[in-house]
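# Secondary and tertiary structure notes
If you want the building blocks of each chain, they are given just below.
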Amino acid sequence: MSALRRTGTVAAGWFLVVVGVAALILPGPGLLMLFAGLAVLSQEYEWAARRVEPVKIRAFVTAAEGVKTLPRVAASTLGGAGLVAAG
């Protein structure tokens, strides 16, 4: 059962990393998904654990910049409402 759990954890981590890298170019929370993938992989790999902290800091800085000004908050809200309306 341990090998199955490890395989699932590694597969989920790599999936999140790949989708996160794709979301850096495409619309989506790329840095947050990349961080989530590294956080999952850090449970199994030391190299991933060393990279979690810088990605975490970068993700929080980017998220804070996204809501720094009122026009950005308004644009995000209107964009989200537009997506809900389109759905």
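Because the structure is a prediction, the values reported are computed rather than measured.

### Re the overall build of the chain
- Secondary structure assignment for the chain yields four helices and zero strands.
- Traced from its N-terminal end to its C-terminal end, the chain shows the element sequence α-α-α-α.
- Taking 2.2 N^0.38 as the reference for a compact globule, 87 residues should give roughly 12 Å; the C-alpha atoms of the chain span a radius of gyration of 16 Å, well beyond that estimate.
- Burial statistics for the chain: of 87 residues in total, 17% are counted as buried.
- For the chain, restricting intrachain contacts to residue pairs at least 6 apart in sequence, the fraction spanning at least 24 positions comes to 40%.
- As presented, the chain carries roughly 6200 Å² of accessible surface, and 72% of it is formed by carbon and sulfur atoms.

### A few points about the pattern of salt bridges
- Inspection of the entire model under this criterion finds one salt bridge.
- Here E44 makes a salt bridge to R6, at a shortest N to O gap of 3.1 Å. With a gap of 38 residues between them, E44 in the loop between α2 (30-41) and α3 (46-66) and R6 in helix α1 (residues 2-25) connect regions that are remote in the sequence.
- Given a relative accessible area of 23%, E44 falls into the partly exposed group.
- Residue R6 is classed as partly exposed on the basis of its relative accessible area of 38%.

### Regarding a nonpolar patch on the surface
- Taken together, the side chains of V21, L24, I25 and L26 present a nonpolar region at the surface, about 430 Å² in accessible area.
- With respect to the helices and strands, L24 occurs in helix α1.
- The class for L24 is partly exposed, based on a relative accessible area of 48%.

### Here we look at the packing of aromatic side chains
- Tallied over the entire structure, the rule returns two aromatic pairs.
- Both rings, one in Y45 and one in W47, keep their centres 5.7 Å apart while their planes meet at 25°; by these two values the pair is stacked.
- On the accessibility criterion, Y45 (25% relative accessible area) is partly exposed.
- Taken together, the ring pairs in this structure connect W14, Y45 and W47 into an aromatic cluster.

### Description of the nonpolar core
- In this structure, V10, V17, L34, L38, L41, A48, V52 and V55 together form the largest nonpolar core, which totals eight residues.
- Contributions of two or more residues to this core are made by α1, α2 and α3.
- L34 has contacts with L16, V17, G20 and V21, leaving out every residue within four places of it along the chain.

### Some words on the side chain of T9
- Looking at where T9 falls in the secondary structure, it is placed in helix α1.
- Classification of T9 by relative accessible area gives buried; the value is 12%.
- With near-sequence residues (within four places) excluded, T9 lies in contact with V40, Q43 and E44.

The rules behind the values
- Residues numbered from 1 in each chain as written.
- Predicted model: local features only at pLDDT ≥ 70, side-chain atom pairs only at ≥ 80, totals over all residues.
- Heavy atoms only, no water.
- Helix = DSSP H or I, 4+ residues; strand = E, 2+ residues; numbered from the N terminus.
- Rg over C-alpha atoms; globule rule 2.2 N^0.38 Å.
- Buried < 20%, exposed > 50% of the residue type's maximum accessible area, 1.4 Å probe, protein only.
- Contact = heavy atoms within 4.5 Å.
- Areas by Shrake-Rupley, 256 points an atom, 1.4 Å probe, with all protein chains shown as cover.
- Salt bridge = Lys/Arg side-chain N within 4 Å of Asp/Glu carboxyl O.
- Patch = residues over 30% accessible without salt bridge, like charges linked within 9 Å, V, L, I, M, F, W, Y side chains within 5 Å.
- Phe/Tyr/Trp six-rings, centres within 6.5 Å; stacked < 30°, edge-to-face > 60°.
- Core = buried A, V, L, I, M, F, W, Y, C linked by side-chain atoms within 4.5 Å.

Read these as geometric descriptors, not functional statements.
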